[in-house]
Amino acid sequence: MRKEEIASLVVYLMMIVLAIIIGLTAVKNAISLCGTGTINSFAFVLLVIFIGLVFNIIMLELLHALGGLIGGYSVASINILGFCFEKKEGKVSFKFRDFDGLTGETKLAPRKEKLNMKPYIWLPLFGYAAELAAGIVLYSQMTTNTSSNVSWLGTCGILFVVISSMIALYNLVPIKLDTMTDGYKLVLISKPANVEAYNELLKAEDLERNGKPVPELRVFEDITEYTANINLFTVYKRLEEGKLDEAEKIIDLILANSKKLEPYTHYRLISQKLYITVMTKDAEEAKKVYDELCDDKIRRFIANDVSMESLRAYILVSGILEKSQGEVKYALGKKDKAMKRALKQRAAVEEKLFNIALDKVYEAHPKWKEEPKENAAE
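First things first, this report covers the structure right here in the doc. (Residues numbered from 1 in each chain as written. Predicted model: local features only at pLDDT ≥ 70, side-chain atom pairs only at ≥ 80, totals over all residues. Heavy atoms only, no water.)

Looking now at the pattern of salt bridges. Under the definition given, this model contains 17 salt bridges. Linking glutamate 196 and arginine 218 is a salt bridge whose minimum nitrogen-to-oxygen distance equals 3.0 Å. One end of the pair, glutamate 196, is in helix H6 (residues 192–209); the other, arginine 218, is in the loop between H6 and helix H7 (225–241), and 22 residues separate them in sequence. Overall, glutamate 196 belongs to the partly exposed group, its relative accessible area being 39%. Between aspartate 291 and lysine 287 there is a salt bridge, with its nearest N and O atoms 3.1 Å apart. Here lysine 287 and aspartate 291 lie together in helix H10 (residues 283–293), a separation of 4 residues that amounts to about one turn. Using a relative accessible area of 29% as the deciding quantity, one classes lysine 287 as partly exposed. Residues participating in the shared-partner salt-bridge network are Glu216, Lys237, Arg238, Glu241, Lys243 and Glu246. (Salt bridge = Lys/Arg side-chain N within 4 Å of Asp/Glu carboxyl O. Helix = DSSP H or I, 4+ residues; strand = E, 2+ residues; numbered from the N terminus. Buried < 20%, exposed > 50% of the residue type's maximum accessible area, 1.4 Å probe, protein only.)

Next comes the structure, spelled out in structure tokens:
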């Protein structure tokens, strides 16, 4: 399981725990103060939760959009629970579309030379703080005033705060989860190189969205975790074109700054380097590079990692350098799972690169290819 997946599960668990604690304390107390009245209290709470959820989701994306406009961007699309309003060439259209976020996503496009990402991130946080303050005031009034109207209003306030707190808990985490949270973006933009890379990607996405030619993304020499991943777009393009030497130069640039990378990013880049090395050098020279690059920890990572980057390197190392048919079978057995985890925009390239690697192994060991297919996946 990847680091992002583990972190996401922990945050989801924290959100559930927060909901249970608040539900058994403040919400329970709010319902008891409201009494049954003319409508069922439980049904009322469910209705308020639904309204509060919709309200908070819409407000989050609208504040993102407003913050983007303040920062010098134009709003390319606003997606709320899959309901996507997209702007293309000055015209707004509606579509159902996937989104990269907990409840929605607002996409921006640069429209000025001087851009500022901070309002896009900070404005929703200020909105949450204002809602939290209003909810606390309403709840405090409810506990000191037994008036029916105040009680119902206080119940609404505390439920809205519960919902916004759960969304904020997810959104404020300063690490990358299964989506790119505002907290992670806040850490990201603390480095100027990341801001440049992020804006470069937004420009490319906007051109593609409007059906215009997309120039190659710039290769960043100031390496961070984020700029390394932006550089990988060019690496994959070079690999797809068969320009392995050019791809290797970019990989070497990133690896020279490996201390700035997450371990799994570092190790997968080594896998990319190994793939190119075994594909372009003779076995003896490739073995030397393999021994220099990979200590026992890195070798274990490449052998166990369920990613196409590691898998195609492992199949070459096993088949060409170590001549182990059993390890090649082991790698083949993990391919389907690794392909499911590959980024959609890279899946076709990864399939192509893996098949090239497998053909090289079968070229060196023709008899391995002749074995029944069912044995290959054991």
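On we go from here.
This part takes up helix H15 (residues 344–364). Given a rise of 1.5 Å per residue, 21 residues ought to cover 30 Å, and the 31 Å separating the end C-alpha atoms of H15 matches this to within 8%. Considered for burial, the residues of H15 that qualify are Arg346, Val349, Glu350, Leu353, Phe354, Ala357, Leu358, Val361 and Tyr362. Where H15 is buried, its residues contact H7, helix H9 (263–280), helix H12 (308–321), helix H13 (325–333), helix H14 (335–341) and helix H16 (366–370). (Expected span 1.5 Å × (residues − 1). Contact = heavy atoms within 4.5 Å.)

Now for the environment of leucine 353. Here leucine 353 lies in helix H15. Note on leucine 353: relative accessible area 1%, which makes it buried. Sequence separation between leucine 353 and alanine 313 is 40 residues, and the spatial gap between their C-alpha atoms is 10.0 Å. Look past the residues within four positions of leucine 353 in its chain and what remains in contact with it is Leu239, Tyr275 and Arg312.

Our next topic: the sheet that holds strand S1 (residues 73–80). Ordered by their spatial adjacency, 4 strands build an open sheet running S3-S2-S1-S4, and the pairing between neighbours is antiparallel. A strand with exactly one partner marks an edge of an open sheet, and here the two such strands are strand S3 (91–96) and strand S4 (104–110). Taking each pair of neighbouring strands and ignoring which way they run, the sheet shows an average axis angle of 25 degrees. The pairing of strand S2 (residues 83–88) with S3 spans 6 bridges and is classified as antiparallel. (Pairing = 2+ DSSP bridges. Axes fitted to C-alpha atoms, helices over the stretch in contact; angles between N-to-C directions.)

A few words now on unusual backbone geometry. With phi around 55 degrees, leucine 81 is a residue other than glycine that occupies positive phi space. Structurally, leucine 81 can be placed in the loop between S1 and S2. Judged by relative accessible area, which is 45%, leucine 81 ranks as partly exposed. In this structure, lysine 323 takes a positive phi of about 50 degrees despite not being glycine.

For asparagine 231, the location among the structural elements is in helix H7. With a relative accessible area of 0%, asparagine 231 lands in the buried category. When sequence neighbours within four positions are dropped, the list of residues in contact with asparagine 231 reads Arg218, Val219, Phe220, Ile223, Ile250, Leu253 and Ile254.

Turning our attention to the packing of aromatic side chains. Summed over the entire model, instances satisfying the criterion amount to 10 aromatic pairs. Aromatic pair phenylalanine 94 and phenylalanine 96: ring centres 5.1 Å apart, planes at 75 degrees, arrangement edge-to-face. Seen from their ring centres, tyrosine 314 and tyrosine 330 are 6.2 Å apart, and the 80 degrees between their planes marks the pair as edge-to-face. With tyrosine 314 in helix H12 and tyrosine 330 in helix H13, this pair connects stretches of sequence that are 16 residues apart. Overall, tyrosine 314 belongs to the buried group, its relative accessible area being 10%. (Phe/Tyr/Trp six-rings, centres within 6.5 Å; stacked < 30°, edge-to-face > 60°.)

On their own, these measurements won't tell you what the molecule is for.
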